[in-house]
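Report on the structure
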Amino acid sequence: MSDSPGFPDSAARDRDEAESASAFAHPPVAPDATAAYGDHPDQVVDFYAPRDGRIGAPLVVLLHGGAWRAPYDRAHVSPLADFLARRGFAVASVEYRRGGEGQHAPGADPVAGRWPETFDDVAAALDAMPVLAARELPGADVRRIVVTGHSAGGHLALWAAARHVLPEGSPWRLPAPPPLRGVVALAPIADFAAAVELGVCGGAVAQLLGGEGDVEERAAHADPGVLLPTGIATAIVQGVEDIVVPQAVSEAYVDAAAKSGETVGLTLLGGVGHFPLIDPAADACAVVAEEITQLAW
């Protein structure tokens, strides 16, 4: 899905490839409903009802990863959405605009993200979520929303919970904290400085921010590592063997939160890489569900 930072050994690469193959082996799961939150084809949300038919289920808003690049859409996390629905959650899987496939040289990765559209979309989707979910999943409890996301989606989940601490004048700034029970970020690109230093996803952070010349100015509006404290319960789940978004990126965010006076939970999973966190066949996925449960109920 993305370039691995550093120079992992062959065993680490083999583990990553096997874990990726397992996570992507599941067929996409069709949603129970899909609703638009804007006019662009990517401005849609897939809804999954709790499989046990319960009423009053917490709503999990799911933001997919893929280095903010166009080839990777919400389809690859639909098995995770179904897994969470089978655990009794209502689930809203958000699509958003990403870097276009036509914006790169032949043989190179697509450009990561679209500035400002990627952020426009996540903000708009979260703002519309209570109304959309109440209409499409009337059994969901929109007073109990937990946002989760994997990798680049983990970044967006942390960012969505920090909009009330964005700089004055930011178009996405909220006047008060968003009405969330919490955030569970899965191997998130949580701290831009650490991610850039480690070369995460082949320069995706700079691309997300519109190019090298704009990184510093725009990072103040986009980097969760500087948007602290949020006052919103936050937990990170991270594989120790992750060579895509290494543990050091999550630790940098947790350290930054501590310096701001906030505690962020960090669950480290030994023997686990990047992709088991979204793989219903992996034990790590059950840990993810448990972390969400702790915040949602």
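What comes next is a walk through the structure. (Residues numbered from 1 in each chain as written. Predicted model: local features only at pLDDT ≥ 70, side-chain atom pairs only at ≥ 80, totals over all residues. Heavy atoms only, no water.)

1. Things to note about the overall build of the protein chain
Counting its secondary structure elements, the protein chain contains 9 helices and 8 strands. Taken over the C-alpha trace, the protein chain has a radius of gyration of 17 Å; the compact-globule value for 297 residues is 19 Å, and the two agree within 12%. Each principal axis of the C-alpha atoms in the protein chain carries an extent, and together these give about 50 × 45 × 40 Å. Counting only residues that meet the buried cut, the protein chain has 56% of its 297 residues in that class. Long-range pairs, those at least 24 residues apart, make up 77% of the contacts in the protein chain between residues at least 6 apart in sequence. When the accessible area of the protein chain is evaluated, it comes to approximately 11400 Å², of which 52% is carbon and sulfur surface. Charged side chains in the protein chain number 19 positive and 39 negative. The centres of these two groups are separated by 7 Å. (Helix = DSSP H or I, 4+ residues; strand = E, 2+ residues; numbered from the N terminus. Rg over C-alpha atoms; globule rule 2.2 N^0.38 Å. Buried < 20%, exposed > 50% of the residue type's maximum accessible area, 1.4 Å probe, protein only. Contact = heavy atoms within 4.5 Å. Areas by Shrake-Rupley, 256 points an atom, 1.4 Å probe, with all protein chains shown as cover. Lys, Arg positive; Asp, Glu negative; His and termini not counted. Charge placed at Lys NZ, Arg CZ, Asp CG, Glu CD.)

2. A closer look at the packing of helix α2 (residues 78-86) against helix α9 (residues 283-296)
The angle between the axes and the distance between the axes are what describe a pair of packed helices. Relative to each other, α2 and α9 sit at 55 degrees, their axes nearing to 11 Å. Taken together, the axes of α2 and α9 lie oblique to each other. By crossing handedness, the relation of α2 to α9 is classed as right-handed. Of the residues in α9, those touching α2 at L80, F83 and L84 are C285, A286, A289 and I292. Of the residues belonging to the contact of α2 with α9, the class tally is 7 nonpolar, no polar and no charged. (Axes fitted to C-alpha atoms, helices over the stretch in contact; angles between N-to-C directions. Parallel < 35°, antiparallel > 145°, perpendicular 65-115°, else oblique. Left-handed = near helix turned anticlockwise from the far one by under 90°. Nonpolar A, V, L, I, M, F, W, Y, C, P; charged D, E, K, R; others polar.)

3. Some details on the environment of L269
Looking at where L269 falls in the secondary structure, it is placed in strand β8 (residues 265-269). Taking relative accessible area as the criterion, L269 reaches 12% and is therefore assigned buried. L269 sits 28 residues away from E241 along the chain, and the two C-alpha atoms are 8.3 Å apart. The residues contacting L269, other than those within four sequence positions of it, are V237, Q238, G239, V240, L277, A284 and V287.

4. Description of the side chain of R97
Mapping R97 onto the fold places it in the loop between β4 (90-94) and α3 (117-136). According to the relative accessible area criterion, R97 is buried, its value standing at 13%. A polar contact is formed between the side chain of R97 and the side chain of D121, at a distance of 2.7 Å. Ignoring anything within four residues of it in the chain, the contact list for R97 reads H40, D42, Q43, R114, E117, T118, D120 and D121. (Polar contact = N/O pair within 3.5 Å; in protein donor to acceptor, adjacent residues only side chain to side chain.)

5. A look at the layout of surface pockets
A probe as big as a water molecule, rolled over the atoms, marks out the empty space that is left. Considering only enclosed or pocket space, the largest pocket measures out at about 160 Å³ in volume. What lines the largest pocket is a set of 15 residues, among which F192, V196, V205, A206 and V215 lie closest to the centre. Among the secondary structure elements, those contributing two or more residues to the lining of the largest pocket are α5 (192-198), α6 (204-208) and α7 (215-219). Of the residues forming the lining of the largest pocket, the biggest block, 4 residues, is contributed by α5. Each residue belonging to the lining of the largest pocket can be placed in one class, and the counts come to 11 nonpolar, 2 polar and 2 charged. (1 Å grid on protein atoms, 1.4 Å probe; cavity = no way out; pocket = protein on both sides within 12 Å on 5 of 7 lines; lining within 4 Å. Points joined across faces, edges and corners; volume = space filled by probe spheres on them.)

6. Regarding the pattern of salt bridges
Counting across every chain of the model gives 14 salt bridges. Measuring nitrogen to oxygen at the nearest pair gives 2.7 Å for the salt bridge that ties D121 to R97. With a gap of 24 residues between them, D121 in helix α3 and R97 in the loop between β4 and α3 connect regions that are remote in the sequence. A residue is classified by how much of its surface remains accessible, and D121, at 0% relative accessible area, is buried. Among the salt bridges present, the one from R135 reaches E136, with a minimum N-O distance of 2.8 Å. Looking at E136, the relative accessible area reads 24%, which means it is partly exposed. Among the ionic contacts, a cluster of salt bridges with common partners joins D42, D46, R74, E95 and R98. (Salt bridge = Lys/Arg side-chain N within 4 Å of Asp/Glu carboxyl O.)

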